[in-house]
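Examination of the molecular architecture
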Amino acid sequence: MTDSKFVLWTSYFEYPSEEMIQRAASFRGNMQRRRSVRDFSDRAVPRAVIEDCLLTAGSAPSGANMQPWSFVVVGDSETKRRIRAAAEMEEREFYRRRAGAEWLDALSPLGTDYQKPFLETAPYLIVIFAQSYGIAPDGGKVKHYFVRESVGIATGMLFAALHHAGLATLPYTPSRPGFLNEILGRPENERPFLVAVVGYPAGGVTVPELNKKSLGEIATFV
Ligand code: IYR
């Protein structure tokens, strides 16, 4: 039994296999150039680019097509300042106490500490919320499915889109992110998932020398 109307998928396009191989390799090369940066320029980014990248994210598949995500785009300086202040308060506690030796050791190659100046410098913070359930027009609860899987896919697509457009990004995961609900006035059914820090990289930005696992290490063909 289905409630939905089916239509012909006319936007599918099959590439000849040579072209398919070339496209896959070229996309890989492009994505492998992406790096997370922690030093941003305050240069303005066109809002239209952010809007398009959000629409890319919003096109992601999701459990029962519930689209259990909300994106809050923060460009306002005062709001960014408040987010930075609250984040640094939590991070101070994280680095001082909560993390523990093993976690701090794993983080040391990244050179991170409690200070998060990029939360103010970058022109946009896109705060991604995962909706544990939806709200029907009559105020009732709507069940959401595979929420983290769905929001994870949308977030990956958002990062790919922003990189493709030529912007620098940092996925920032605050320790104890509850302050984001308060500052941004988000309802009880929304849980902060991740903050996408977006902008141009600061001039001469450096990144840690990191290695990615080889295909043999990440994949098995059976
Ligand atoms: N939220 C902290 C700690 C941190 C945790 C992980 I896992 C990272 O990959 C990077 C940082 C911070 O942002 O400093």
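Just above sits the structure.
Residues numbered from 1 in each chain as written. Predicted model: local features only at pLDDT ≥ 70, side-chain atom pairs only at ≥ 80, totals over all residues. Heavy atoms only, no water.

1. Details of helix 2 (residues 47-58)
With 12 residues, helix 2 ought to run about 16 Å at 1.5 Å a step, and its terminal C-alpha atoms sit 16 Å apart, in line with that. Within helix 2 the residues assigned to the buried category are Ile50, Cys53, Leu54 and Ala57. Angularly, the buried residues of helix 2 cover 105° about the axis, an arc narrow enough to put them on a single face. Exposed and facing more than 90 degrees away from the buried side of helix 2 are Asp52 and Leu55. Lining the buried residues of helix 2 we find strand 1 (69-74), strand 2 (124-131), helix 6 (147-165) and strand 6 (190-199). (Helix = DSSP H or I, 4+ residues; strand = E, 2+ residues; numbered from the N terminus. Expected span 1.5 Å × (residues − 1). Buried < 20%, exposed > 50% of the residue type's maximum accessible area, 1.4 Å probe, protein only. Arc of directions from axis to C-beta. Contact = heavy atoms within 4.5 Å.)

2. As for the packing of helix 2 against helix 6
Interaxial distance between helix 2 and helix 6 falls to 8 Å at its minimum, and their mutual angle equals 145°. Helix-helix and strand crossings are classified by hand; for helix 2 and helix 6 the assignment is right-handed. Between helix 2 and helix 6, the residues in contact are Val49, Ile50, Cys53, Leu54, Thr56 and Ala57 and Ala154, Met157, Leu158, Ala161, Leu162 and Ala165, respectively. Here the residues of the contact of helix 2 with helix 6 sort into 11 nonpolar, one polar and no charged. (Axes fitted to C-alpha atoms, helices over the stretch in contact; angles between N-to-C directions. Left-handed = near helix turned anticlockwise from the far one by under 90°. Nonpolar A, V, L, I, M, F, W, Y, C, P; charged D, E, K, R; others polar.)

3. As for the sheet that holds strand 1
Judged by pairing direction, the sheet is antiparallel, and its four strands sit side by side in the order 1-2-6-5 without closing on themselves. The strands lining the two open edges of the sheet, one partner per strand, are strand 1 and strand 5 (168-172). Averaged over all neighbouring strand pairs, the angle between strand axes comes to 25°, with direction disregarded. Inspection of the sheet shows strand 5 paired to strand 6 by five bridges, in the antiparallel sense. Bridge pairing links Thr169 to Val198 in strand 6. Sitting on the sheet, helix 2 is in contact with strand 1, strand 2 and strand 6, with an inclination near 165° to strand 1. Packing of helix 6 onto the sheet brings it into contact with strand 1, strand 2, strand 5 and strand 6, and relative to strand 6 it is tilted by some 10°. (Pairing = 2+ DSSP bridges.)

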